[in-house]
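Listed here are the chains, written in short residue letters.
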Amino acid sequence: MRRAPTILHLDMDAFYASVEQASKPSLRGKPVVVGGLGPRGVVATASYEARRFGVHSAMPMAQARRLAPHAAYLVPRFQFYRAISGQVMELLGRLSPLVEPLSLDEAFVDLEAGGTAFDAAAARTTGERLRADIRAVTGLSGSVGLAGSKMLAKIGSEGAKPDGLLLIEPGTERDLLGPMPVRTLPGVGPATGDHLRRAGMTTVAHLAQAGEDELVRLVGRAHGLSLYRMALGLDDRPVVSDRDAKSVSVEDTFDVDLHDRVRVRAEVDRLADRCVQRLREAGRSGRTVVLKVRRYDFSTLTRSETLRGPTDDGAVVREAAGRLLDAVDTTGGVRLLGVGVTGLADYTQEDLFAQSGTGAVTEAVVQDEPSAAPEPPPDAPPPDTPPPDTAGAAPRRYPAGHDVRHASFGAGWVQGSGARRVTVRFEQPGSAVGRVRTFWLDDPDLESSDPLPLIPGD
């Protein structure tokens, strides 16, 4: 533990949704939800305006639509997010050689190793300057936590949200942590939290009071020792710049054993989507899909399938996990399911023949209905007039939120698509709110385009 708060944790505020709001003037201050728009889609990020309706990440998209029916629902633009993340990480690299990225929008920085700060006053000045630099370069906001350990710095950035800075002075950790819920601590998920609650422990202070032996008895030696140290505010993990992750995985333990095979498959699909979301956030791809099944008798089975090339395609991972599930007997009931990807790489195999399954792209799912009433362009055919015959041509797909360009109207973004039409709002970063027009999907003057850069400091 350090005697000065020289470990910084940066967490960009609602990163994906904030990028979309900065890119699209009509969405400023409006609820925005980014994620998969298909029937099994999940929320990747929700803007703070959408969170007021109860929408949060990892929520099924269908539930989000019920809670916030008037929000804008957009398909992620991961390549664009990676580019902006690169700008942020470059700013962090100027502070220290020890930068530990956790995802596209989150990282630890060792300020002491960079000679940037050795005491609280310098750390605060550095943190505020970083936030200002991020806004000047990207137009986005980030929250900063400063503390003498990684755990406390991360807790600090969470407490600073949105768009703030929280410095935790070394020596005040126990007083700060004491009243916080046990779920505040890293590694305490829903299952462990419930187990501790049943034992009468709901706050971090309760864990510290319970003592090491009691926590070991409740949750096992390794987890119990770790919990007790964290409850005391102890964390001596260093900031590591080379985080060569070997795998990405997610898993869920169910309160009641699952017996319905259809439900089990749906849960596997959901976990696969979450796994791919984490994979993409890390800017990685992988070639081996792993399925973990813990059955009613606590026996745990692990099955894996290696693809012929790395992928970050949700459909490919879902199909591979589904094939692995087909080989597992779940008739007695399932307590836990997990999906992971190993054999990570920094690129994605673009050749779909190198992958198992169909290689369908989940990001290409479009809305069945426009998110706003379409306004026909002056030269569009009447709504009851069918588009020109395009028999044999592959249908175009315009994911909601992605960028397009029209020969006459310029740059815009897809507001919705359905019934062989696409609705586009013509605006760009820094412009006034744009006008909405509707075109046939095969309009020769309309095409997909690359995103336009954000306006710095906007």
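Given the structure is predicted, the values throughout are model-derived calculations rather than measurements. Note on numbering: residues in each chain are counted from 1, in written sequence order. Residue-level local features of this predicted model are given only where pLDDT is at least 70; pairs of side-chain atoms are given and counted only at 80 or more, and the full residue set underlies all totals for whole chains, interfaces and linings. Water and hydrogen atoms were dropped before computing side-chain values, which therefore reflect all heavy atoms in the structure.

Q: Describe the overall build of the chain, with residues and values.
A: Helices and strands together make up the secondary structure of the chain, namely 13 helices and 17 strands. Within the span of the chain, comprising 458 residues, buried residues form 50% of the whole. Restricting to contacts in the chain with at least 6 residues of sequence separation, those with at least 24 account for 65%. Accessible surface for the chain amounts to roughly 21,100 Å². Of this, 51% is attributable to carbon and sulfur atoms. Only DSSP runs of H or I with at least four residues qualify as helices, and only runs of E with at least two residues qualify as strands; both kinds are numbered from the N terminus onward. Only protein chains enter the accessibility calculation, which uses a 1.4 Å probe. A residue is then buried if its area is under 20% of the maximum for its type, exposed if over 50%, and partly exposed in between. Working rule for contacts: check all heavy atoms of both residues, and any pair within 4.5 Å makes them a contact. All accessible-area figures derive from a Shrake-Rupley calculation using a 1.4 Å probe, and residue coverage is judged against the displayed protein chains alone.

Q: Go over the sheet that holds strand S12 (residues 334-345) with me, naming the residues and quoting the values.
A: Note: two strands are recorded as paired if DSSP finds a minimum of 2 bridges between them. Reading across the sheet, the 4 strands line up as S9-S12-S10-S11 and stay open at both edges, with antiparallel pairing between neighbours. Where the open sheet ends on each side, the last strands, each with one partner, are strand S9 (247-258) and strand S11 (300-311). For this sheet, the mean inter-axis angle between neighbouring strands, taken without regard to orientation, is 10°. Two strands pair when backbone bridges link them, and S9 and S12 are joined in this way by 8 bridges, in the antiparallel orientation. Residue pairing in the sheet places Val 250 in a bridge with Val 339 of S12. Axis angles are defined between N-to-C directions and span 0 to 180 degrees, where every axis is a line fitted to C-alpha atoms and, for a helix, only to the segment in contact. On the sheet, helix H12 (residues 261-281) packs against S9, strand S10 (285-295), S11 and S12 and is oriented at approximately 150° with respect to S9. Running over the sheet, helix H13 (residues 314-326) touches S10, S11 and S12 and is turned about 145° from S11.

Q: For the side chain of Ser 18, give the residues involved together with the corresponding values.
A: Relative to the elements of secondary structure, Ser 18 occurs in helix H1 (residues 15-23). The term polar contact refers here to a pair of N or O atoms within 3.5 Å; inside protein, the definition further demands a hydrogen-donor-capable atom paired with an acceptor-capable atom, and it admits residues adjacent in sequence only when both atoms are side-chain atoms. Among the polar contacts made by the side chain of Ser 18, one reaches the main-chain carbonyl oxygen of Asp 13 at a distance of 2.6 Å. Look past the residues within four positions of Ser 18 in its chain and what remains in contact with it is Asp 13 and Leu 140.

Q: Hey, could you go over the confidence of the model for the chain for me, with residue numbers and the actual values?
A: Scored by pLDDT, the chain has a mean of 86; 88% of the residues are at 70 or more. Confidence of the predictor in every single residue is expressed as pLDDT, which spans 0 to 100. Predicted confidence for residues 347-384 stays below pLDDT 50, and this span has 87 contacts to residues more than four positions away or in other chains.

Q: If you had to explain the side chain of Asp 273 to someone new, which residues and values would you point to?
A: By the element assignment, Asp 273 lies in helix H12. A distance of 2.6 Å separates a polar atom in the side chain of Asp 273 from a polar atom in the side chain of Arg 318.

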